[in-house]
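Commentary on secondary and tertiary structure
Here's the letter readout for the chains.
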Amino acid sequence: MKDYIQKMQTGGDIVSAITAFVEESKKINEDNHYFTVITEAQAIEQAKNIQKQALTKKFPLAGLPFTVKDGICVQGVETTASSAILKGYKPVFNATAVQRMIDAGAIFIGKTVQDEFGFGALGITQGKGFQAPKHPDDPELCCGGSSSGGGGFTKKIPGAHASLGESTGGSIEAPAAFCGVVGLCPTYSRVSRYGLLDYGTSLDKIGPLTKTLPEAATILQVIAGHDKKDETSSQEPVPDYAASLGNIKGLRIAKIKEAFAEGVDESIKNSVHEKLTELEKQGATVREVSLPSLKEGIATYFTIALSEASTNLAKYCGMRYGQSGSMNTSFDEYFTKIRTHHMGEEAKRRVLIGTFARMAGYRDAFYNKALKVRTKIIQEYKQAFKACDVLSSPTMPILPPKQTEAHNLTPLQHLMCDVLTVGPNLAGLPHVSVPAGKAGIMFIADHFKEEELFRTHAE
Amino acid sequence: MQSDMIIGMEVHIQLNTNTKLFCGCKIENAQPNTRTCPVCLGHPGSRPTLNKRAIEYATKMALALQSTIASQLVFSRKTYFYPDMGKNYQITQYETPLAENGTVVLSDGTKVRIKRLHVEEDPAGMVHEEGLSLVDYNRSGIPLIEVVTEPDMISPEQAREFMKKLQSILAYLDIFASDGIIKADVNVSVKSSGFERVEVKNVTGFKEIERCVEYEVKRQQTDTVVKETRAWNAELGRTRSLRLKESEEDYGYITDPDLVVRPIEPAFVESIQKTLPELPEEKTARFVKEHKLDAIDARIIAAEPDVAALYEESSKQVSPVLAARWVRRELLRSLNTQGKKLKDTPLRAHHVIPLFKLIENKQITDRVGQKLIRELAEEPFDVAERVQKEGLTAVSDTGEIGTAVDETLSENPQALQDFKQGEAKAFEFLMGQIMRKTKGKALPDVVRKLLEEKIK
């Protein structure tokens, strides 16, 4: 990526590069279903534009092709979060993260498929009419979800490329670990959520999927920083991330005891340990820390995420945009008809659970209690960071299963795939999944300390 | 003593900010759906950003109602499915309202407790026609405050006075546009039904709220009452049943994660407190104490800021009691008859002060004064000039008045005879005739004296 950008900054032929990239993308997509839409004409138009401007201006991402998770708004491009209910919806504005990529000279290529509204850890629960993407190494396997198309495509496409994903409980990290790429989930509020179709508003983070850790640092540098259109976006200054890359010496790593317990695939544990040993050799120290509250993570995460999701998805009702139908009944019956018809099973399940959890009489037992547990989990992490720079664990408890097998999992087994990633997501901590053998190793840093994650980069 | 009825209100008031509560769209009259953006239309991915001016206005109102301001500003999502909300949830305040525990004191001393005051966005406007529902999102996202009372009012008169007080405070704070939205949910429970709770939803406008309370009290005292929610039909002047109230609706409130929970600093509250003008209650008390006004005169004058200002300016140049009497009895009555509010007319203190001076110095009669004030209410003019031009100066010359008395007596022999037979009324009749003959310019005291001398 670095060489590619440098070449394009110094008179490289962006239009030819993008034309070739789009061709390659189309070919890959035929068999693998990574895209919901490839915007060929728009990409070439944009390439011409940047090519012209690059003569006088130095773009940090000059000519870099990038793809965007379907649930992130791109102006004038169908944006559905891979749900049938939003078929045909074209936003009138760009998400802030997308706008920043474009402003940095990157070229938008297309939208990548995802689990419907982000509801899924495996990449097999797209909405009605969408196809599951195929694993880049073995078409029978799952890509991981919910930023599944972004993960698979990032691995499959040979050239320089970055994909914008989004994580609520592990949706960047899971596909990164399954597909063998880097998935970076920044601190909550580090990157503006303006233009993101919400899943769990207090949990959603936009972040990059790339082939390497330095590439992830390059992309984060561009998309991070305050945005007045998103009140929750942080005013913390954005440091120079590249400066900390590979600064392993003296890095204090603490591996999370509970994340190596029963239920985690043995081969994954081995891969992660090998990676840690390698980092130790390069000057890091590794010890162990216990985070007992993490066992409450799954219940806490799903209670909060689904409560919020059930309000966020309320707007999708067959009115104003997306799908519609004939309205010859009451409003309530109409909304029910449209939602029943166009939402997938997993989306319905999660909306129903979330609605239940915030009903009067249950709100204290579920939603309000979950908020308290979340505070406790954050405190436990904060305590741990007093004695280490990064925490570490496997990203996923399992290796990518076959898609046919994955469909037989019970809903609870499906939710349990997030067991290792929900912790940092709940706490809003920055974390990254980096390939380790056939698995992914996850590093977690304290709030706004993304640079500590970049220190783990081994040349 | 148990009262015959209890009345409580939830009043929604539009704040007169320039822009909406969570986006930069202008609040102004315009073609439907032309003052909208992705935020107030609830487009996927759009987010609310708070209009701080609205919070300042709401805090003013909360302080004017002597409420306690919360230590944090928290917004919640109230989820319901209806075409008037782009997001299918309304951003409002639930667990933590902006303010709680306020009071409004009525003229009879009744304390109406204000349970809470919170800020929320207005939904879109809807018009239902046959087979058609039209939505106007210009209204969607306009800032409202909701003032919730305890059921402390015990008569329609108290409810009316409460609304008048709110109106008066809003005018002083200048946070409500007169063409803005004011609507109330009215709770009325009467003794004869065992205080069964009936709620009338969405009554729009000060006048309609008053009418609705009066109607509903009468209805409940004569009709069978069940616990229910009703709607007000302004055209028919009636309420009708909407639904029986078996349980509260469940809106599944959660804190809105898109809006940062902000501390409300004491320094902020103090700075707002400092901007509060002297409010009608305080003004009334001061007028009574310092100006020695009648309590009712004082209250009526203090109710409207423009009226109070006109009075105060006048009271510096003429006797306050005289100014008060003329403002309240003559000026306000004239405006009222003409269906006007002072603030909507160009009439100012400098128009009426010369008039009050002429009256005070007996240079014109009360009768001429009344005529002039009626005319001033129609359209202001230079009073001194008019008096000169029309020759309205009071007549005290006994010769001139004496002639008028003599003429009147010879024209009205019957009245003279009636008087002599002991009918006191006839004297007043003759007085009136003489005044008329002098076009109201004769000083009544002089007329009375001369008439008495002639016929007694």
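Residues numbered from 1 in each chain as written. Chains lettered and ligands numbered in written order. Predicted model: local features only at pLDDT ≥ 70, side-chain atom pairs only at ≥ 80, totals over all residues. Heavy atoms only, no water.

**Describing the overall build of chain A**
Note the cut-off: Strands are runs of DSSP state E lasting at least 2 residues, helices are runs of H or I lasting at least 4, and numbering of each runs from the N terminus. This radius of gyration counts C-alpha atoms alone. The globule rule is 2.2 Å times how many residues there are, raised to the power 0.38. Residue burial is assigned from relative accessible area. The probe radius is 1.4 Å, only protein chains are included, and a residue is buried under 20% of its type maximum, exposed over 50%, and partly exposed in between. Residue contacts are counted whenever heavy atoms from the two residues lie within 4.5 Å of one another. All accessibility values rest on the Shrake-Rupley procedure with a 1.4 Å probe; residue burial counts only the protein chains present in the view. Positive: Lys, Arg. Negative: Asp, Glu. His and the chain ends are not part of the count. One atom stands in for each charge, and that atom is NZ of Lys, CZ of Arg, CG of Asp or CD of Glu.
The secondary structure content of chain A amounts to 16 helices and 11 strands. Computed over the C-alpha atoms, the radius of gyration of chain A is 21 Å, within 12% of the 23 Å expected from 2.2 N^0.38 for a compact globule of 459 residues. If you line up chain A on its principal axes, its C-alpha atoms span 70 × 55 × 45 Å. Considering chain A as a whole, with its 459 residues, one finds that 63% of them fall into the buried category. Pairs at least 24 residues apart make up 77% of the contacts formed inside chain A by residues separated by at least 6 positions. A total of about 16,700 Å² of accessible surface is found on chain A, and carbon and sulfur atoms cover 53% of it. If you average the places of the 51 positive and of the 50 negative side-chain charges in chain A, the two averages end up 3 Å apart.

**Examining helix 11 (residues 383-390) of chain B**
Selection rule: Nitrogen and oxygen atoms within 3.5 Å of one another constitute a polar contact, given that in protein one can donate a hydrogen and the other can accept it, and given that sequence-neighbouring residues count only through two side-chain atoms.
Put simply, Asp382(B) is the residue that caps the front of helix 11 of chain B, since its side-chain oxygen is 3.1 Å from the backbone nitrogen of Ala384(B). Just downstream of helix 11 of chain B, Gly391(B) is the residue with a positive phi angle, here 60°.

**Thoughts on the packing of aromatic side chains**
Note on aromatic pairs: each is described by the distance of the centres and the angle between the planes. Put simply, the test is: Each Phe, Tyr or Trp ring (for Trp, its six-membered ring) is paired with any other whose centre lies within 6.5 Å, and the angle between the two planes then decides the class: stacked below 30 degrees, edge-to-face above 60, tilted in between. By definition here, charges over rings are those cases where NZ of Lys or CZ of Arg is within 6 Å of the ring centre and within 35 degrees of the ring normal.
Considering all chains together, one arrives at 26 aromatic pairs over all chains under this definition. With centroids separated by 5.1 Å and ring planes inclined at 40°, the aromatic side chains of Phe93(A) and Tyr194(A) adopt a geometry described as tilted. On the criterion of sequence distance, the pair formed by Phe93(A) in the loop between strand 2 (65-69) and helix 4 (96-103) and Tyr194(A) in the loop between strand 5 (182-185) and strand 6 (205-210) is long-range, its members being 101 residues apart. With a relative accessible area of 7%, Tyr194(A) lands in the buried category. Both rings, one in Phe419(B) and one in Phe427(B), keep their centres 5.8 Å apart while their planes meet at 40°; by these two values the pair is tilted. Both residues of the pair, Phe419(B) and Phe427(B), count as buried. In this structure an aromatic cluster arises from ring pairing among Phe331(A), Tyr334(A), Phe335(A), Phe81(B) and Tyr82(B). Across from the ring centre of Tyr251(B), 4.3 Å away, lies the NZ or CZ of Lys78(B), which sits over that ring.

**Points about the pairing of strand 11 (residues 439-445) of chain A**
All names here are of chain A. What counts, and what does not: A pair of strands is treated as paired once DSSP finds two or more bridges between them.
Of all the 7 residues making up strand 11, 7 are buried; the element is thus mostly covered by neighbouring parts of the structure. Side chains Ala 439, Ile 441, Phe 443 and Ala 445 project from strand 11 onto one buried face, and the interleaved Gly 440, Met 442 and Ile 444 project onto a second face that is buried too. The pairing of strand 9 (residues 390-394) with strand 11 spans 5 bridges and is classified as antiparallel. Paired with Leu 391 across the two strands is Ile 444, which belongs to strand 11. Relative to strand 11, strand 10 (residues 431-436) runs antiparallel, the two being bridged by 6 bridges.

**Quick notes on the sheet that holds strand 4 (residues 76-79) of chain B**
Spelled out, the test is: Only the stretch in contact is used when fitting a helix axis, every axis being a line fitted to C-alpha atoms; angles between N-to-C directions are given from 0 to 180 degrees.
Pairing in this open sheet of 3 strands is antiparallel, and the strands run 5-4-15 (chain B) from one edge to the other. With partners counted over all chains shown, the strands left at the sheet margins are strand 5 (89-92) and strand 15 (254-255) of chain B, one partner each. Relative to strand 5 of chain B, strand 4 of chain B runs antiparallel, the two sharing 4 bridges. Considered in strand 5 of chain B, the bridge of Lys78(B) is made with Gln90(B). Each of strand 4, strand 5 and strand 15 of chain B touches helix 9 (residues 297-312) of chain A; the most contacted strand, strand 4 of chain B, lies at about 60° to it.

**Remarks on the nonpolar core**
Note the threshold: To form a nonpolar core, buried Ala, Val, Leu, Ile, Met, Phe, Trp, Tyr and Cys residues must be joined to one another through side-chain atoms within 4.5 Å.
In terms of nonpolar packing, the biggest core is built from 196 residues, with Leu391(A) and Phe162(B) touching the most fellow members. Core analysis: the next-biggest nonpolar cluster, separate from the first, contains 36 residues, Ala323(B), Trp326(B), Leu332(B) and Leu376(B) among them.

**Looking at the pattern of salt bridges**
Just so we agree on the cut-off: For this document, the term salt bridge refers to a Lys or Arg side-chain nitrogen within 4 Å of an Asp or Glu carboxyl oxygen.
Per the stated rule, a full pass over the model turns up 59 salt bridges over all chains. Glu140(A) serves as the salt-bridge partner of Lys402(A), at 3.4 Å between the closest nitrogen and oxygen. Separated by 262 residues along the polypeptide, Lys402(A) in the loop between strand 9 and helix 13 (403-406) and Glu140(A) in the loop between strand 3 (107-112) and helix 5 (148-156) bring together distant segments of the chain. Classification of Lys402(A) by relative accessible area gives partly exposed; the value is 35%. Overall, the relative accessible area of 46% leaves Glu140(A) in the partly exposed class. Salt bridges sharing partners connect three or more residues here, namely Arg193(A), Asp198(A), Asp230(A), Arg47(B), Arg77(B), Asp256(B) and Asp258(B).

**Digging into empty space enclosed by the protein**
Residues and elements named next belong to chain B. The cut-off we apply is this: A cavity here means a set of 1 Å grid points, computed over protein atoms only, where a 1.4 Å probe fits but cannot escape. A pocket is an open set with protein on both sides within 12 Å along at least 5 of 7 lines, and lining residues have an atom within 4 Å of a point. Grid points are joined across faces, edges and corners, and a volume is the space filled by probe spheres set on the points. The classification used treats Ala, Val, Leu, Ile, Met, Phe, Trp, Tyr, Cys and Pro as nonpolar, Asp, Glu, Lys and Arg as charged, and all other residues, Gly among them, as polar.
Overall, the coordinates contain 4 cavities of 30 Å³ or more when judged by the stated rule. When its volume is computed, the largest cavity comes out at roughly 130 Å³. In terms of lining residues, the largest cavity is bounded by 18 residues, among which Val 39, Arg 47, Pro 48, Lys 87 and Ile 91 are the most central. A per-class count over the lining of the largest cavity returns 7 nonpolar, 4 polar and 7 charged.

**What to know about the domain arrangement of chain B**
All names here are of chain B. Where we set the bar: Domain start and stop positions are those given by an automatic or database domain assignment. The quantity reported as buried area is the accessible area (1.4 Å probe) lost by two parts once they are put together, taken as the sum for both.
The domain boundaries assigned to chain B delineate domain 1 (5-180 + 247-274), domain 2 (278-390) and domain 3 (398-455). A straight line from the C-alpha centre of domain 2 to that of domain 3 covers 31 Å. In this assembly, 4 residues from domain 2 lie in contact with 8 residues from domain 3. Ranking the residues of domain 2 by area buried against domain 3 places Lys 362, Thr 365 and Arg 367 at the top, with a combined share of 80%. Put simply, domain 2 and domain 3 have 0 salt bridges between them. Along the contact surface separating domain 2 from domain 3 lie 1 residue pair in polar contact (both at pLDDT 80 or more). Among the residues forming the side of domain 2 that touches domain 3, the class breakdown is 1 nonpolar, 1 polar and 2 charged.

**What about the side chain of Thr96(A)?**
All names here are of chain A. Relative to the elements of secondary structure, Thr 96 occurs in helix 4. According to the relative accessible area criterion, Thr 96 is buried, its value standing at 7%. Ignoring sequence-local partners within four residues, the contact set of Thr 96 consists of Ser 192, Tyr 194 and Asp 227.

**Details of the layout of surface pockets**
Think of a ball as big as a water molecule: rolled over the atoms, this probe shows where empty space is left. All names here are of chain B. Computed from the structure, the second largest pocket encloses a volume of approximately 1,600 Å³. Around the second largest pocket sit 50 residues that line it, and Lys 164, Gln 167, Ser 168, Ala 303 and Glu 304 are the ones nearest its centre. Among the secondary structure elements, those contributing two or more residues to the lining of the second largest pocket are helix 1 (52-64), strand 6 (99-105), helix 2 (156-173), helix 3 (206-222), helix 5 (280-291), helix 6 (295-303), helix 7 (305-315) and helix 8 (320-337). With 11 residues, helix 2 is the single largest residue contributor to the lining of the second largest pocket. Split by domain, the residues of the lining of the second largest pocket number at least three in each of domain 1 (5-180 + 247-274) and domain 2 (278-390).

**With respect to the interface of chain B and chain A**
Each side of the interface is counted separately: chain B has 38 residues, and chain A has 39 residues. A combined buried area of about 2,900 Å² lies between chain B and chain A, and 56% of that area is made up of carbon and sulfur atoms. Of all residues in chain B, Pro44(B), Arg47(B) and Phe81(B) give up the largest surface area on contact with chain A, accounting jointly for 25% of the area buried on that side. Counting across the chain B and chain A interface gives 20 residue pairs in polar contact (both at pLDDT 80 or more). Looking at the side of chain B that touches chain A, the elements with two or more residues in it are strand 4 and strand 15 of chain B.

**Notes on a nonpolar patch on the surface**
Residue and element names in this part refer to chain A. Stated formally: Like charges within 9 Å and nonpolar side chains (Val, Leu, Ile, Met, Phe, Trp, Tyr) within 5 Å are joined into patches, using only residues over 30% in relative accessible area that form no salt bridge.
A cluster of nonpolar side chains, Phe 356, Met 359, Tyr 362 and Phe 366, forms an exposed patch at the surface whose accessible area comes to about 330 Å². With respect to the helices and strands, Met 359 occurs in the loop between helix 11 (345-357) and helix 12 (364-384). On the basis of relative accessible area, Met 359 is assigned to the partly exposed category, the value being 30%.

**A word on helix 11 of chain A**
Every α-helix carries 3.6 residues per turn, so stepping three or four residues along brings you back to the same face. Condition: Here the expected length of a helix is defined as 1.5 Å per residue gap, with one fewer gap than residues.
The terminal C-alpha atoms of helix 11 of chain A, which comprises 13 residues, lie 18 Å apart, in line with the 18 Å expected from a rise of 1.5 Å per residue. Buried residues in helix 11 of chain A make contact with helix 9, helix 10 (331-342), helix 12 and helix 14 (411-416) of chain A.

**Describing the packing of helix 14 (residues 425-437) of chain B against helix 15 (residues 444-455) of chain B**
Residues and elements named next belong to chain B. What counts here: An angle counts as roughly parallel when it lies under 35 degrees, as roughly antiparallel when it exceeds 145, as roughly perpendicular when it falls between 65 and 115, and as oblique in every other case. Less than a right angle of anticlockwise turn of the near helix away from the far helix marks a crossing as left-handed, whereas a clockwise turn marks it as right-handed.
Two numbers describe how helix 14 lies on helix 15: the axes approach to 10 Å, and their chain directions differ by 125°. As far as their axial angle goes, helix 15 and helix 14 are oblique. The chirality of how helix 14 crosses helix 15 is right-handed. Contact with helix 14, carried on its side by Phe 427, Glu 428, Leu 430, Met 431, Ile 434 and Met 435, involves Pro 444, Val 447, Arg 448, Leu 451, Glu 452 and Ile 455 of helix 15 and no other residues of that element.

**Observations concerning the side chain of His414(A)**
Residue and element names in this part refer to chain A. Within the secondary structure layout, His 414 lies in helix 14. Residue classification places His 414 among the buried positions, given a relative accessible area of 7%. Side-chain polar atoms of His 414 contact the backbone nitrogen of Ala 121, separated by 3.1 Å. Residues within four places of His 414 in sequence aside, it is in contact with Gly 120, Ala 121, Leu 122, Thr 125 and Leu 409.

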